[in-house]
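Here are the chains, one letter per residue:
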Amino acid sequence: MNRMRRGLVAVVFLSALMLGAAGCTAMGGSSGDTARSDGQSAQDAGGSTSEQASGGEAKDAEVVTTGRMLFTADDPLDAADEATKIAVDAGGRVDSRNDDAGGSGAAARAEIVLRIPADDLEDARVALKKLGDLEETSFSAEEVGATQRDLDARITTLRTSIARYTEWLGTAQKTSDLIELEQAISERQGELESLTAQKRDLDDRVAMATVTVTFASVYVPPQHAPQNPLEAMAAGWTAFVGFWSALGIALAFLLPWLVVLAVIALVVLWLVRRRGAASVPVAVAETAPEGAPVEPPVQHDAPR
């Protein structure tokens, strides 16, 4: 009996040990799996974050920058030459330039369109500000990353389509099929060339900022003093004629007003004289004695 009890106790004890070992194994395995899962999730999250960061940087880099700068300079043409040198030294170029030497009442002026690498734009702006007095400036940036990606996708699609149609063209047997395939290839080739040119122009505008710089001078009319009596007489005669010409113009401008004022003055004078003549008999009648005949006043002709 005691042996049976001892056997049962040993069996229960061994069963408990086996169950504990199995539980620890299961817990260790699940913990390992969870750790691996968490590590993979963290890795994926880190990868996606890196991709978003790199995508954001690429998006920020795809910007078209344009600007305008207006300067006042003593010699606009020399200042434009210096601006050209600044752009060329920075690795840029000049797209267009218009010069006006001035004279005949006009100030000298030079307008130049510079293409400057976007990475060196700030240094170029600092150098340009030293060429004159900055009067106006404006810069703008346009994000074109979406446009670039759309062009890339369309170009890739067209190239794939052209390759597929070209392959079909090599195996076509019917003349009608050949004509249709050649027409389709030609249309897609034309569209591809157009998109490629757009993409090339956009890439150029992203890489090179466009800055329109204008230099202008303040025009001061020359002052010439008379050098001899003849020149002095000519200057005096010119001033004399100019004075009377100006006076004649002023009188011609005021003539309608003077006529209206003269007519108004004559009417007022006539009314005053008529009222004065009518008041004389009334005054004589009031001063005459009662019963005395009232003689009309003697009117004297005004001296002529």
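A.B. asks: Which parts of the structure should I look at to understand the overall build of the protein?
C.D. replies: What the protein contains, in helices and strands, is six helices and five strands. The order of helices and strands in the protein, counted from the N terminus, is α-β-α-β-β-α-β-α-α-β-α. By residue count, 18% of the 304 residues in the protein fall in the buried class. If you take every contact in the protein between residues at least 6 apart in sequence, the share linking residues at least 24 apart comes to 77%. Approximately 22500 Å² of the protein is accessible, and the part contributed by carbon and sulfur atoms is 60%.

A.B. asks: Explain the environment of Thr210 to me, please; I cannot follow it from the model alone.
C.D. replies: You can see Thr210 is positioned in strand β5 (residues 208-216). Remark: the alpha-carbon pair of Thr210 and Thr65, spanning 145 residues in sequence, is separated by 6.5 Å. When neighbours within four sequence positions are excluded, Thr210 is seen to be in contact with Thr65, Thr66, Gly67, Val113, Leu114 and Arg115. Separated by 3.1 Å, the side chains of Thr210 and Arg115 make a polar contact.

A.B. asks: Mind showing me how you'd approach a negative patch on the surface here?
C.D. replies: A surface patch of like charges, here negative, comprises Asp74, Asp75, Asp78, Glu82, Asp133, Glu135 and Glu136. Only α2 (76-89) and β4 (133-143) provide two or more residues apiece to the negative patch. For the negative patch, the element with the highest residue contribution is β4, accounting for three residues. Inspection of the secondary structure assignment puts Glu82 in helix α2.

A.B. asks: Can you walk me through the pattern of salt bridges in this structure?
C.D. replies: Opposite charge on two side chains permits pairing when their charged atoms draw close. Throughout the structure, instances matching the rule amount to 15 salt bridges. Between Asp81 and Arg97 there is a salt bridge; the shortest N-O distance is 2.7 Å. One end of the pair, Asp81, is in helix α2; the other, Arg97, is in strand β2 (residues 93-100), with 16 residues separating them in the sequence. The exposure class of Asp81 is partly exposed, given its relative accessible area of 40%. Since its relative accessible area comes to 29%, Arg97 is described here as partly exposed. Between Arg154 and Asp150 there is a salt bridge, with the nearest N and O atoms lying 3.7 Å from each other.

A.B. asks: I keep staring at the confidence of the model for the protein and nothing clicks. Help me out?
C.D. replies: Low pLDDT marks stretches whose predicted atomic positions should not be read closely. Averaged over the protein, the pLDDT score is 76; the fraction of residues at 70 or greater is 67%. Within the protein, the element-level pLDDT minimum falls on helix α1 (residues 2-61), averaging 42, and the maximum on β5, averaging 95. pLDDT under 50 marks residues 1-60. Its contacts with residues more than four places away, or in other chains, come to one contact.

A.B. asks: For this particular structure, what's the right way to read the sheet that holds β5?
C.D. replies: Picture the strands of a sheet paired through backbone hydrogen bonds; they go either parallel or antiparallel. Spatially, five strands are ordered β2-β3-β5-β1-β4 in an open sheet, and the strand pairing comes out mixed. Looking at the sheet topology across the chains shown, the edges are occupied by β2 and β4. This sheet shows a mean twist of 10° between the axes of neighbouring strands, independent of strand direction. Sheet topology places strand β1 (residues 63-72) next to β5; seven bridges connect them, and they run parallel. Residue pairing for β5: Leu70 is matched across the bridge by Thr214.

A.B. asks: Looking at this structure, I do not really get the side chain of Ser161. What am I missing?
C.D. replies: Among the secondary structure elements, Ser161 is positioned in helix α4 (residues 145-171). Only 2.9 Å separates the side chain of Ser161 from the side chain of Arg188, close enough to count as a polar contact.

A.B. asks: So what exactly am I meant to see when it comes to the packing of aromatic side chains here?
C.D. replies: How two aromatic rings sit relative to each other is given by the distance of their centres and the angle of their planes. Scanning all chains against the criterion turns up four aromatic pairs. Ring centres 6.2 Å apart and planes at 70° place the aromatic pair Phe240 and Trp244 in the edge-to-face group. Here Trp244 and Phe240 lie together in helix α6 (residues 229-287), a separation of four residues that amounts to about one turn. Residue class for Phe240 comes out partly exposed when judged on its relative accessible area of 43%.

About the thresholds
Residues numbered from 1 in each chain as written. Predicted model: local features only at pLDDT ≥ 70, side-chain atom pairs only at ≥ 80, totals over all residues. Heavy atoms only, no water. Helix = DSSP H or I, 4+ residues; strand = E, 2+ residues; numbered from the N terminus. Buried < 20%, exposed > 50% of the residue type's maximum accessible area, 1.4 Å probe, protein only. Contact = heavy atoms within 4.5 Å. Areas by Shrake-Rupley, 256 points an atom, 1.4 Å probe, with all protein chains shown as cover. Polar contact = N/O pair within 3.5 Å; in protein donor to acceptor, adjacent residues only side chain to side chain. Patch = residues over 30% accessible without salt bridge, like charges linked within 9 Å, V, L, I, M, F, W, Y side chains within 5 Å. Salt bridge = Lys/Arg side-chain N within 4 Å of Asp/Glu carboxyl O. Lys, Arg positive; Asp, Glu negative; His and termini not counted. Charge placed at Lys NZ, Arg CZ, Asp CG, Glu CD. pLDDT = per-residue confidence, 0-100. Pairing = 2+ DSSP bridges. Axes fitted to C-alpha atoms, helices over the stretch in contact; angles between N-to-C directions. Phe/Tyr/Trp six-rings, centres within 6.5 Å; stacked < 30°, edge-to-face > 60°.

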